[in-house]
Amino acid sequence: VQLQASGGGLVQAGGSLRLSCAASGRSFSYYFMGWFRQAPGKEREFVAGINWSGGFTNYADSVKGRFTISRDNRKDTVYLQMNSLKPEDTAVYYCAAGVQFSTRESLYHYWGQGTLVTVSS
């Protein structure tokens, strides 16, 4: 499956952005989907995950209550709605697809190219 992330940009602290990740290739609905991010000089980290139906989601503590992951299997797309953004949310955001629900990036087999989110103070 090929993944294409979009929606990044520059936003002021407290603002919102919605990231999208469009999938093509193998059946999207079979995959668990996740969003990860990598800030400058830091390791890539898990942000949010969603199961195949959208009925189960999981979030990093740092984004709980501010970010919402969702998916539309009819459009082969997963979203990350980011509200109340903080400067520490600045990072390249990656979407990923895997066959197992996990926070571990090693269990995601397909990755998008990343989209940059910059939050100014």
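> Account for the state of the cysteines, naming residues and giving values.
Put plainly, two cysteines are in a disulfide when a covalent bond ties their sulfur atoms together. Summed over all chains, the structure comprises 1 disulfide. Residue Cys-21 pairs covalently with Cys-95 via a disulfide, S to S 2.1 Å. The disulfide joining Cys-21 to Cys-95 has a torsion of about 65° about its S-S bond and is therefore right-handed. Here Cys-95 lies in strand β9 (residues 91–98) and Cys-21 lies in strand β3 (residues 17–24), a separation of 74 residues in the sequence. For the pair shown, Cys-21 and Cys-95 are each scored as buried.

> How would you summarise the environment of Phe-56 if you had to cite specific residues and measurements?
Relative to the elements of secondary structure, Phe-56 occurs in the loop between β5 (45–50) and β6 (57–59). Exposure remark for Phe-56: the relative accessible area of 45% places this residue in the partly exposed category. For the pair formed by Phe-56 and Asp-76, sequence separation is 20 residues and the distance between their alpha carbons is 17 Å. Among all residues touching Phe-56, those that are not within four sequence positions of it are Gly-49, Ile-50, Asn-51 and Phe-101.

> Any chance you could break down the pattern of salt bridges for me, citing the residues and the numbers?
Evaluation of the coordinates by the stated rule reveals 6 salt bridges. As a salt-bridge pair, Glu-105 and Arg-44 come within 3.0 Å of each other at their nearest N and O atoms. In this pair, Glu-105 is assigned in the loop between β9 and β10 (108–111) and Arg-44 in the loop between β4 (32–38) and β5, connecting sequence segments 61 residues apart. Given a relative accessible area of 31%, Glu-105 falls into the partly exposed group. Connected through shared salt-bridge partners, Arg-37, Glu-45, Arg-66 and Asp-89 make up one network.

> Tell me about the nonpolar core, and please be specific about residues and values.
By size, the foremost hydrophobic cluster in this structure holds 31 residues, and its most contacted members are Met-33, Trp-35, Leu-80, Met-82 and Tyr-93. Secondary-structure elements contributing two or more residues to this core are β1 (2–6), β3, β4, β5, β7 (67–72), β8 (77–82), β9 and β11 (115–120). Setting aside anything within four residues of it in sequence, one finds Leu-80 in contact with Leu-17, Arg-18, Leu-19, Trp-35, Val-47, Ala-48, Phe-67, Thr-68, Ile-69 and Tyr-93.

> I'd like a rundown of the sheet that holds β1, residues and numbers included.
In any sheet, the strands associate via hydrogen bonds between backbone groups, in a parallel or an antiparallel arrangement. One open sheet accounts for 4 strands, arranged β1-β3-β8-β7; its pairing is antiparallel. Since the sheet does not close on itself, it has two edges, and those belong to β1 and β7, each with one partner. For this sheet, the mean inter-axis angle between neighbouring strands, taken without regard to orientation, is 15°.

> Tell me about unusual backbone geometry, and name the residues and values.
Phi angles above zero are rare outside glycine, and Asp-76 is one such case at about 55°. With respect to the element layout, Asp-76 can be found in the loop between β7 and β8. Non-glycine residue Ser-84 carries a positive phi angle of around 50°. Structurally, Ser-84 is set in the loop between β8 and β9. For Ser-84, a relative accessible area of 42% puts it in the partly exposed group.

Calculation notes
Numbering of residues starts from 1 in every chain and runs along the sequence as written. With the structure being a predicted model, the display of local features is reserved for residues of pLDDT at least 70 and the display and counting of side-chain atom pairs for 80 or more, all residues being used for whole-chain, interface and lining totals. Note that water and hydrogens are dropped before the side-chain values are worked out from all heavy atoms of the structure. Disulfides are defined as cysteine sulfur pairs within 2.5 Å. Secondary structure counts use DSSP, requiring at least four H or I residues in a row for a helix and at least two E residues in a row for a strand, with both numbered from the N terminus. Exposure classes here rest on a 1.4 Å probe applied to the protein chains alone. A residue is buried below 20% of its type maximum, exposed above 50%, and partly exposed in between. We call two residues in contact whenever any of their non-hydrogen atoms come within 4.5 Å of each other. Within this document, salt bridges are pairs made up of a side-chain nitrogen of Lys or Arg and a carboxyl oxygen of Asp or Glu, the two lying within 4 Å of each other. Nonpolar core, defined: a set of buried Ala, Val, Leu, Ile, Met, Phe, Trp, Tyr and Cys residues in which side-chain atoms within 4.5 Å join the residues together. Strands were regarded as paired on the criterion that DSSP finds at least two bridges between them. For helices, the fitted line uses only the C-alpha atoms of the stretch in contact; every axis is such a line through C-alpha atoms, and the angle between N-to-C directions lies from 0 to 180 degrees.

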